[in-house]
Amino acid sequence: FIEMNTRVQVEHPITEEITGIDIVKWQLMIAAGEKLNIKSEDIEIKGHAIECRINAEDPYKDFRPSPGKITSLHLPGGRGVRIDSHIYQGYDFLPHYDSLAAKLITSAPTRKKAIAKMRTALEEFIIEGIHTTIPFHLKMMSHPVFIAGEADTNFLENNDWEKI
């Protein structure tokens, strides 16, 4: 599981959304002795998916952790919107643990539609009582460099996100 940790923890919803294959389920079934009945050449990639990691962090203060209690919560939903989360109204984010609140995933036939769906989902996502990375993700979903698919790992180092 060490080798699978990064993929399963971070990116597996994207793979699942564009392939229709529940890779966590398969990982557990294989561990239980079942044979994998899917071949790589049989897997079809359909559409586009985007994931935003919603963290209990304050993007206006260098993304510092934002511990506290969630006083109000509204999760977005609808076709092509997926939330992987453990939070609930009243959940208390302690400063000693990972700040991940939710993985928000949108999928659609095209990248442009997946981005538009993500913007709408982020606008509908309400978490009160703590600061989150939602404002940061909203700005990114509207930035021309991101929309064009040209953002890279140096994007934030080279740009002040609040001015983008």
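Residues numbered from 1 in each chain as written. Predicted model: local features only at pLDDT ≥ 70, side-chain atom pairs only at ≥ 80, totals over all residues. Heavy atoms only, no water.

*Asks:* A description of the overall build of the chain should follow, citing residues and the corresponding values.
*Replies:* Across its full length, the chain carries 6 helices and 9 strands. For the C-alpha atoms alone, the extent of the chain along its principal axes is close to 50 × 35 × 30 Å. Within the chain, counting contacts between residues at least 6 apart in sequence, those at least 24 apart form 63% of the total. When the accessible surface of the chain is totalled, it reaches about 10,300 Å², and 52% of it is carbon and sulfur. Separation between the mean location of the 19 positive side-chain charges and that of the 24 negative ones in the chain comes to 5 Å. (Helix = DSSP H or I, 4+ residues; strand = E, 2+ residues; numbered from the N terminus. Contact = heavy atoms within 4.5 Å. Areas by Shrake-Rupley, 256 points an atom, 1.4 Å probe, with all protein chains shown as cover. Lys, Arg positive; Asp, Glu negative; His and termini not counted. Charge placed at Lys NZ, Arg CZ, Asp CG, Glu CD.)

*Asks:* How would you sum up the packing of helix α3 (residues 111-124) against helix α4 (residues 134-142)? Please name residues and give values.
*Replies:* Two elements in contact, α3 and α4, have axes separated by 10 Å at closest approach and are oriented at 155 degrees. The orientation of α3 with respect to α4, classified from their angle, is roughly antiparallel. The chirality of how α3 crosses α4 is left-handed. Only Ile134, His137, Leu138, Met141 and Ser142 of α4 make contact with α3, whose side of the interface consists of Ile115, Met118, Arg119, Leu122 and Glu123. Split by residue class, the contact of α3 with α4 holds 6 nonpolar, 2 polar and 2 charged. (Axes fitted to C-alpha atoms, helices over the stretch in contact; angles between N-to-C directions. Parallel < 35°, antiparallel > 145°, perpendicular 65-115°, else oblique. Left-handed = near helix turned anticlockwise from the far one by under 90°. Nonpolar A, V, L, I, M, F, W, Y, C, P; charged D, E, K, R; others polar.)

*Asks:* Can you explain the nonpolar core? Please cite residues and give values.
*Replies:* If you look at the biggest cluster of nonpolar residues, it comprises 27 residues, and the most contacted ones within it are Ile54, Leu104, Leu122, Ile127 and Met141. Sorting the residues of this core by element identifies β1 (48-55), β8 (100-108), α3 and α4 as the ones contributing at least two each. Top element by residues in this core is α3. It accounts for 5 residues. Leaving out residues up to four positions away in the same chain, Met141 has contacts with Ile50, Cys52, Ile115, Met118, Arg119, Leu122, Phe146 and Ile147. (Core = buried A, V, L, I, M, F, W, Y, C linked by side-chain atoms within 4.5 Å. Buried < 20%, exposed > 50% of the residue type's maximum accessible area, 1.4 Å probe, protein only.)

*Asks:* Run through α3, naming residues and quoting values.
*Replies:* Taking 1.5 Å per residue, 14 residues should reach 20 Å; α3 reaches 20 Å between its end C-alpha atoms and fits that length. Of all the residues in α3, the buried ones are Ala114, Ile115, Met118, Ala121 and Leu122. The buried residues of α3 occupy an angular sector of 125 degrees when projected down its axis, which confines them to one face. Opposite the buried face of α3, at more than 90 degrees from it, the exposed residues are Lys112, Lys113 and Glu123. The elements touched by buried residues of α3 are β1, β6 (81-85), β8, α4 and α5 (144-147). (Expected span 1.5 Å × (residues − 1). Arc of directions from axis to C-beta.)

*Asks:* Could you give an account of unusual backbone geometry, with specific residues and numbers?
*Replies:* In terms of backbone geometry, most residues other than glycine have negative phi values and most peptide bonds are trans. Residue Asp62 is not a glycine yet carries a positive backbone phi of 60 degrees. Residue placement: Asp62 occurs in the loop between β2 (57-58) and β3 (64-65). By relative accessible area, which is 66% here, Asp62 ends up exposed. Unlike most non-glycine residues, Phe63 shows phi in positive territory, near 60 degrees. Looking at the secondary structure, you find Phe63 in the loop between β2 and β3.

*Asks:* Describe the packing of aromatic side chains, with residues and values.
*Replies:* Scanning the entire structure with this criterion turns up 3 aromatic pairs. Ring geometry for Tyr88 and Tyr91: centres 5.4 Å apart, planes at 85 degrees, overall edge-to-face. A ring pair is formed by Tyr91 and Phe93, whose centres lie 4.9 Å apart and whose planes are at 75 degrees; its orientation type is edge-to-face. In this structure Tyr91 comes out as partly exposed when scored by relative accessible area, which is 21%. (Phe/Tyr/Trp six-rings, centres within 6.5 Å; stacked < 30°, edge-to-face > 60°.)

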